[in-house]
Amino acid sequence: LDLPARRYAGDRTTAFYAELLNRIRGVPGVVAAAATSTNPFREFGFGNTVTPEEQAANAPPSGLVQAGWRSVTPGFFETLRIPLLDGRVFNAFDRKDSEPVIVISRSLAARLWPGQPAVGRRIYWGGTTGRTWTVVGVVRDVRDVQLDLDTSLMVFLPHAHVDLQAMTVIVRTAAGVTSIAPSLRDVVHRIDPSLPAPTVERVHAALVETAGG
């Protein structure tokens, strides 16, 4: 979904996705739902630099380590079954007016603080000035662009803080559910009839195309 900026300014973007996901979770057959800024296996992700707070004085102004990033809603890790290794994942209390927090991948934690806990540490995201973000969780490394590429250093940010208007909704259904697309389109239409009907496809279809078979 790509919300029109003129109608979804300020907190309206976050509110839209919160309502959308709440309604989708109530659709029969849906087990879990969340949203992410990257369409898995359909597009490349975003990248930025990260710098541990304690290393900022000795790092270049642009930052220390290049890492991928995703803006995600609460429920993202649970929906995709990405294991939590330490700390916590995002929840409804991670709002725009709350402390800026992040979840990072295991490989990034090992790169920034080898042999040391990452939860509770603070980083700069993009450059070495401005506000810092507190690490609240570490998750297992994942591949969400191509399965044959190495896993990337990754930062996950709460959508409430990085409220992009273009997001991909991820839905996990119960076994045997095959006709969920009409219900999902109906949910979007009921919230905002002016939005184009979204494309609904299985992640498996994108994997097959990515693998070339």
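Scroll up a little and you will see the structure.
Because the structure is a prediction, the values reported are computed rather than measured.

### Thoughts on the nonpolar core
Point 1. The biggest cluster of nonpolar side chains holds 20 residues, and the ones touching the most others in it are Val-50, Ile-102, Ile-104, Leu-108, Val-155 and Leu-157.
Point 2. Every element with two or more residues in this core is listed here: β3 (65-72), β5 (101-105), α3 (106-112), β6 (122-125), β7 (133-139) and β8 (154-158).
Point 3. Apart from the residues lying within four places of it in its own chain, the contact partners of Ile-102 are Phe-90, Ile-123, Trp-133, Thr-134, Val-135, Val-136, Gly-137, Val-155, Phe-156 and Leu-157.
Point 4. Of all hydrophobic cores here, the second largest spans 18 residues; its members include Tyr-8, Phe-16, Leu-21 and Leu-195.

### Notes on the pairing of strand β1 (residues 30-36)
Point 1. Burial of β1 is extensive: six of the seven residues sit out of reach of the surface.
Point 2. One ladder, built from six bridges, connects β1 with strand β9 (residues 168-173); its direction is antiparallel. Within β9, the residue paired with Ala-32 across the bridge is Arg-172.

### Focus: helix α4 (residues 181-191)
Point 1. Among the residues of α4, those classed as buried are Ala-181, Leu-184, Val-187, Val-188 and Ile-191. All buried residues of α4 project into a common sector of 125° when viewed along the axis, lining one side. Residues of α4 that are exposed and point over 90 degrees away from its buried face: Pro-182 and Arg-190.
Point 2. Elements in contact with the buried residues of α4: α1 (12-24) and β9.

### A short note on the packing of aromatic side chains
Point 1. In this structure the tally under the stated criterion is nine aromatic pairs.
Point 2. Between Phe-77 and Phe-90, the aromatic rings sit 6.1 Å apart at their centres with planes inclined by 55°, giving tilted as the arrangement. In this pair, Phe-77 is assigned in helix α2 (residues 76-79) and Phe-90 in the loop between β4 (84-87) and β5, connecting sequence segments 13 residues apart. The same class applies to Phe-77 and to Phe-90, which are both buried.
Point 3. Taken together, the ring pairs in this structure connect Phe-46, Trp-69, Trp-125 and Trp-133 into an aromatic cluster.

What counts, and at which threshold
Residues numbered from 1 in each chain as written. Predicted model: local features only at pLDDT ≥ 70, side-chain atom pairs only at ≥ 80, totals over all residues. Heavy atoms only, no water. Core = buried A, V, L, I, M, F, W, Y, C linked by side-chain atoms within 4.5 Å. Buried < 20%, exposed > 50% of the residue type's maximum accessible area, 1.4 Å probe, protein only. Helix = DSSP H or I, 4+ residues; strand = E, 2+ residues; numbered from the N terminus. Contact = heavy atoms within 4.5 Å. Pairing = 2+ DSSP bridges. Arc of directions from axis to C-beta. Phe/Tyr/Trp six-rings, centres within 6.5 Å; stacked < 30°, edge-to-face > 60°.

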